[in-house]
Amino acid sequence: MRWSIPVGKLFGIPIRVHLTFLILLAFIWYVETSVSGPTAGLRSLVFWTLIFLCVLLHELGHSLVAKSYGLTIASIVLLPIGGVSQITEIPRDPIKEVGMTIAGPIVNFVIAGVLLFLGKLAAPSLQFSEISLQSGSIVVDLFWANVMLGLFNIIPAYPMDGGRILRGFIAMRKEYAEATRLAADVGKMFAIGFIIIGLFYNWWLILIGIFIFSGANSEVEAALLSSTLEKIQVSDLMITDFKTISPDEPLTAIVDKSLHTFQNDFPVLDDGKFVGILLRSSVIESLHNHMHEKRVGEIARKNFPVISPDQTAAEALSTMRAANVTVAPVEQDGALHGIITIEKLLEASDVFNEKTK
Ligand SMILES: [Zn+2]
């Protein structure tokens, strides 16, 4: 995610903090200090840092359950609005999705329980009965913050946790894309409700409403895309009619080849064996930097995920996105069968949906 900085690793998962989050922390500290003095400023800084630590634990709850299902977690990003676990794929097994989703809010309820227990143990006079984030005791405030975080997240407003749990339950009876659409409709109703209530009471709710609304829309699109691409094979989409280039050829040779084809990227073959792809972007960059005398082999990209012709287009798309490539070789038994591009995959989904409308 852009504008986020790495702060370390937990259980092998990279943790990142979004810059806007740090700005928010600084803002809270500044306002509190100038309004109520340095002690209050420091206290609110500690309090909000602890809250985001709880948000981090919430995300770790999702991520560790996902990990136990064998899924890969790219990173956890802390945003002002909460945390995001970037899991490379959402499991299609609704029971697993419900399991990894519910783990987050459970973490908050467990933290609240531990705070209540330890707080009462250390100071029996502590009052937990009044809902407050400004009770004067950080333990009581954190207790209520976690209760609220847990409760807020299980509101069935997709793509929030509660909405994902709802989608999981619907998906046990209906098709995945349809289940997503239904859960997103419920989510959008909540979003509109949040925005309206927010107008009168709390601008923070407006922000959350907008976040839910746009999140619901893009998740529906993503679900539709992947369920469409699951029905198509890579072999139906791969480009088999393409020109290749050898690693020893000079860069200028590609300029000549490009004039006779619409092809952007050229597979590099050394004695008939695939060794990389010469990307249009690298050619332009090299020519721009006056490196005309370079050989193809020197600037071709060499590490590519291998896509096989009998994979589904959905698998190819997620592999290519995870590897951050726009083009990849399609190989079987070490032989190059074709090339596949993200553009081709996305185009196929549009064509498919036009046909079935
Ligand atoms: Zn969550």
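See the structure printed just above.
Below: a short report on this structure.

Reading guide: rules and limits
- Residues numbered from 1 in each chain as written.
- Predicted model: local features only at pLDDT ≥ 70, side-chain atom pairs only at ≥ 80, totals over all residues.
- Heavy atoms only, no water.
- Donors = N, O, S within 2.8 Å, 3.2 Å for Na, K, Ca; no water.
- Tetrahedral: all angles 85-135°; square planar, octahedral: opposite > 155°, others 65-115°.
- Helix = DSSP H or I, 4+ residues; strand = E, 2+ residues; numbered from the N terminus.
- Buried < 20%, exposed > 50% of the residue type's maximum accessible area, 1.4 Å probe, protein only.
- Pairing = 2+ DSSP bridges.
- Axes fitted to C-alpha atoms, helices over the stretch in contact; angles between N-to-C directions.
- Contact = heavy atoms within 4.5 Å.
- Patch = residues over 30% accessible without salt bridge, like charges linked within 9 Å, V, L, I, M, F, W, Y side chains within 5 Å.
- Areas by Shrake-Rupley, 256 points an atom, 1.4 Å probe, with all protein chains shown as cover.
- Salt bridge = Lys/Arg side-chain N within 4 Å of Asp/Glu carboxyl O.
- 1 Å grid on protein atoms, 1.4 Å probe; cavity = no way out; pocket = protein on both sides within 12 Å on 5 of 7 lines; lining within 4 Å.
- Points joined across faces, edges and corners; volume = space filled by probe spheres on them.
- Nonpolar A, V, L, I, M, F, W, Y, C, P; charged D, E, K, R; others polar.

1. Brief notes about the coordination of the zinc ion
Protein-derived coordination of the zinc ion comes from H58 (NE2), H62 (NE2), D161 (OD) and D161 (OD), at a distance range of 2.0 to 2.6 Å. Because the angles between the 4 donor atoms bound to the zinc ion fall within 54 to 150°, the donor set is best described as irregular. Read from N- to C-terminus, the donor residues coordinating the zinc ion fall into the pattern H-x3-H-x98-D. One end of the pair, H58, and the other, H62, are both in helix α2 (residues 38–68), 4 residues apart, so they sit about a helical turn from each other. The class of H58 is buried, set by a relative accessible area of 4%.

2. Here we look at the sheet that holds strand β1 (residues 4–10)
Judged by pairing direction, the sheet is mixed, and its 4 strands sit side by side in the order β1-β2-β3-β4 without closing on themselves. Edge positions in the sheet fall to β1 and β4 (82–87), since each of these pairs with one other strand and no more. Within this sheet the neighbouring strands show an average axis-to-axis angle of 25°, counted without direction. Across the sheet, helix α1 (residues 19–36) lies against β1, β2 (13–18) and β3 (73–79), angled at about 55° from β2, the strand it touches most.

3. Some words on a nonpolar patch on the surface
Nonpolar side chains collect at one region of the surface, where I102, I106, V110, V114, F117, L118 and L121 lie side by side and expose about 660 Å² of accessible area between them. Mapped onto the fold, V110 is located in helix α3 (residues 94–122). Take V110: its relative accessible area is 48%, and that puts it in the partly exposed class.

4. Some words on the layout of surface pockets
Each pocket or cavity is described by its volume, and for the second largest pocket that value is around 450 Å³. Considering the residues around the second largest pocket, the lining is formed by 20 residues, among which I239, N264, D265, T341 and E343 are closest to the centre. Sorting the residues of the lining of the second largest pocket by element identifies α10 (280–288), β8 (335–341) and α13 (342–356) as the ones contributing at least two each. At 4 residues, the largest contribution of residues to the lining of the second largest pocket is made by α13. The class makeup of the residues in the lining of the second largest pocket is 7 nonpolar, 6 polar and 7 charged.

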